[in-house]
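This is what each chain is made of:
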Amino acid sequence: MPLDKVKSIITDIKSKNFKPIYFLMGDEPYYIDAISDFIAKSVLTEEERGFNQVVLYGRDVTIDDVVSNAKRYPMMAEKQVIIVREAQDLSRTIENLVGYATNPQPSTVLVMCYKYKKLDARKKLSKVLKKTGELFESKKLYDNQVPNWISRVLQGKGHTITPKAALMLVEFLGNDLGKVNNELEKLLLIIKPGEQITPQIIERNIGISKDFNNFELQNALGAKDFKKAYRIITYFSQNPKDHPIVLTVALLYSFFSKLLKYHSLTNKSEAAKVLGVNPYFLKDYQQAAGNYPMKKVSSIISVIRDVDLKSKGVGASGLPQGDLLKELLVGIFD
């Protein structure tokens, strides 16, 4: 998991075990920013930074400019730090860094922030960096991986979070770790040391309803609680901007697809691992499996697909979100 690799890199930096090049690449900018910011604050003292820390931007420089800065010697310090932000703007000529990467300046810590892209592993630069520097790929987490990430981050700060509260955050913020971390930082300023984060705390401080959200709708459908499900979709219909149907449909499709897979498992003891869900939520699938036979789950998935198409204007003339949600509900409970 990227978090483990990040911790390893941070530990090495704290121990002053610096690599001459940190090439930070990938689709998740959160880790790239976290590592580069830590290097910016940790390698040099405040007094040393004035002469020995330089920030460059990929759109404003060439690889030759980067190399020229990297080859300078530090002034009155053991190291100098060169941070190249938005280094992906140099992607067309990035292989020109091979010469420097093969024999980097020992007194320089060069940080390349190569966001939303990654090096071609077949080319020489990638192979050289693995030998002489730190080549780190920051991968996007899937939505179902983010609750565990939240728990681990909070655990490192002396807090815990209930599974439902973590899911509420993911539903509201998605898998943008930067946004999620910002909300967690706000919560940590408010709650007491060691206090567990609950749905009530999230509702009170972030504004996410603990009763009217896709997670509660999923629970209501799994339990075959029509009244509760109807109350939730009515609320969604009245607040379409906060609860877009495209997200509701995607989450319900994921739930019933996993339920179909659950039905097909011969060894239910491995269900949590196979489905990729927290064991805490396995009881929801067990309950739903009792309420919806395998054949019914297949027909529900067809209903969800049909509503998804209609929500995008296919086979329907701009039906309101409320009508589509009611159609979805009838299709599931019929």
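What counts, and at which threshold
Residues numbered from 1 in each chain as written. Predicted model: local features only at pLDDT ≥ 70, side-chain atom pairs only at ≥ 80, totals over all residues. Heavy atoms only, no water. Buried < 20%, exposed > 50% of the residue type's maximum accessible area, 1.4 Å probe, protein only. Helix = DSSP H or I, 4+ residues; strand = E, 2+ residues; numbered from the N terminus. Pairing = 2+ DSSP bridges. Axes fitted to C-alpha atoms, helices over the stretch in contact; angles between N-to-C directions. Patch = residues over 30% accessible without salt bridge, like charges linked within 9 Å, V, L, I, M, F, W, Y side chains within 5 Å. Areas by Shrake-Rupley, 256 points an atom, 1.4 Å probe, with all protein chains shown as cover. Salt bridge = Lys/Arg side-chain N within 4 Å of Asp/Glu carboxyl O.

Caption draft 1: Highlighting the pairing of strand S3 (residues 80-85). Of all six residues that make up S3, six are buried, and the element is covered over most of its length. Where burial is concerned, the two faces of S3 agree: the one with Gln80, Ile82 and Val84 and the one with Val81, Ile83 and Arg85 are both buried. Across five bridges, strand S2 (residues 53-57) lies against S3 in parallel orientation. By the bridge assignment for S3, valine 54 is matched with isoleucine 82.

Caption draft 2: Layout of the sheet that holds S2. Read from one edge of the open sheet, five strands run S2-S3-S4-S1-S5, paired in parallel fashion. The open sheet is flanked by S2 and strand S5 (134-137), the only strands paired with a single partner. On average, adjacent strands in this sheet sit at an angle of 15° to one another, irrespective of strand direction. Two strands pair when backbone bridges link them, and strand S1 (residues 21-26) and S5 are joined in this way by four bridges, in the parallel orientation.

Caption draft 3: Up close: a nonpolar patch on the surface. Where nonpolar side chains cluster on the molecular surface, the patch consists of Phe51, Met75 and Met76 and spans about 370 Å² of accessible area. Take phenylalanine 51: it is sitting in helix H3 (residues 46-52).

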